[in-house]
Amino acid sequence: GGGGGVGGGGDEVNSTDRSTEGREEEHDGFGDLQQRMAAVVPRLYQRLDRVCSNVASNQGRLLERDVVQRIQDVLSSQRWLWMGTEFVTADQVAFMSPANAAPYLYAVPPDLACFGNLLRAFGVRSEFGTSDYCQVLRQMAVETGVIHTHQGGTAAAAAIPATTAPAGLALCVSTSLALL
């Protein structure tokens, strides 16, 4: 009696293990990456932040200033800020953002806010400006085919129905940007 129950329970555990095995492996791959990033990225940012703090307070040696400048040159326009699931450029991040505009614009996540010296030194702004939101709308219009870009970088609007309000707004904004 009792031995059969134990054997049956073992079989159930094994069948459950087999049925979730593939899903766990898929999840573990991304989960492992996120865990590794969560462990490594803050340590790297902490070291860079420390150097930036020294340079900002004028206690930094000339060598540290040179190192910071070289790192800024390398990271400029590169995706180096970890947002938890992907890297983004510094111009996509601000300390305050009234709206969630991911994957275009991001607010500094709470776990990165402590690296303020680093983030400011490498181009993260206090907040986004109107031109940032206009650029996002333009980018979305291009991505959705409302606006087609030409080789020279100029934009031309596709024929869109007047009733398509978001597309019309994007067209209006992008046309305004083209005139600037």
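Relevant structure appears above.
Just so it is clear, the structure is predicted and the values come from calculations on it, not from any experiment.

Each value, and the rule that gives it
By convention here, each chain's residues receive numbers from 1 onward along its written sequence. For this predicted model, a pLDDT threshold of at least 70 governs which residues receive local features, and a threshold of 80 or more governs which side-chain atom pairs are given and counted, while totals over whole chains, interfaces and linings are taken from all residues. Note: side-chain values were computed over all heavy atoms of the structure, leaving out hydrogens and water. Any two rings among Phe, Tyr and Trp, with Trp reduced to its six-membered ring, count as a pair given centres within 6.5 Å; such a pair is stacked if its planes are under 30 degrees apart, edge-to-face if over 60, and tilted if neither. When a residue's accessible area, from a 1.4 Å probe over protein chains only, is under 20% of the maximum for its type it is buried; when over 50% it is exposed; and in between it is partly exposed. Here, nonpolar core means buried Ala, Val, Leu, Ile, Met, Phe, Trp, Tyr and Cys residues that are tied together by side-chain atoms lying within 4.5 Å of each other. Only DSSP runs of H or I reaching four residues or more are called helices, and only runs of E reaching two or more are called strands; each is numbered from the N terminus. Throughout, a residue-residue contact means that at least one pair of heavy atoms, one from each residue, lies within 4.5 Å. Throughout this description, a polar contact denotes any pair of N or O atoms lying within 3.5 Å of each other; where both atoms belong to protein, one of them has to be capable of donating a hydrogen while the other can accept it, and for residues adjacent in sequence the pair is counted only when both atoms sit in side chains.

S.K.: For the packing of aromatic side chains, give the residues involved together with the corresponding values.
M.R.: The relative placement of two aromatic rings is captured by the distance of their centres and the angle of their planes. Scanning all chains against the criterion turns up 5 aromatic pairs. For the ring pair tryptophan 82 and phenylalanine 87, a centre distance of 4.9 Å and an interplane angle of 55 degrees mean the geometry is tilted. Tryptophan 82 sits in the buried class, given a relative accessible area of 11%. Where phenylalanine 128 meets tyrosine 133, the ring centres are 6.1 Å apart and the plane angle is 75 degrees; that geometry is what we call edge-to-face. Taking relative accessible area as the criterion, phenylalanine 128 reaches 8% and is therefore assigned buried. For tyrosine 133, a relative accessible area of 26% corresponds to the partly exposed category. Ring-pair connections join several aromatic residues into one group, and the members of that group are Tyr45, Trp80, Phe115 and Phe122.

S.K.: Could you give an account of the nonpolar core, naming the residues involved and the relevant values?
M.R.: Of all hydrophobic cores here, the largest spans 21 residues; its most connected members are Tyr45, Trp80, Leu81 and Val93. Secondary structure elements with two or more residues in this core: α1 (2–56), α2 (62–75), β1 (81–82) and α3 (116–121). No other element matches α1, which puts 4 residues into this core. Apart from the residues lying within four places of it in its own chain, the contact partners of leucine 81 are Tyr45, Glu86, Phe87, Val88, Thr89, Ala90, Val93, Leu119 and Val124.

S.K.: I'd like a rundown of the side chain of glutamine 92, residues and numbers included.
M.R.: Examined against the element boundaries, glutamine 92 turns out to sit in the loop between β2 (87–88) and β3 (93–96). Of the residues examined, glutamine 92 reaches a relative accessible area of 12% and is grouped as buried. In terms of polar contacts, glutamine 92 uses its side chain to reach the backbone carbonyl oxygen of proline 103, at 3.4 Å. There is a polar contact of 3.1 Å between the side chain of glutamine 92 and the backbone oxygen of tyrosine 104.

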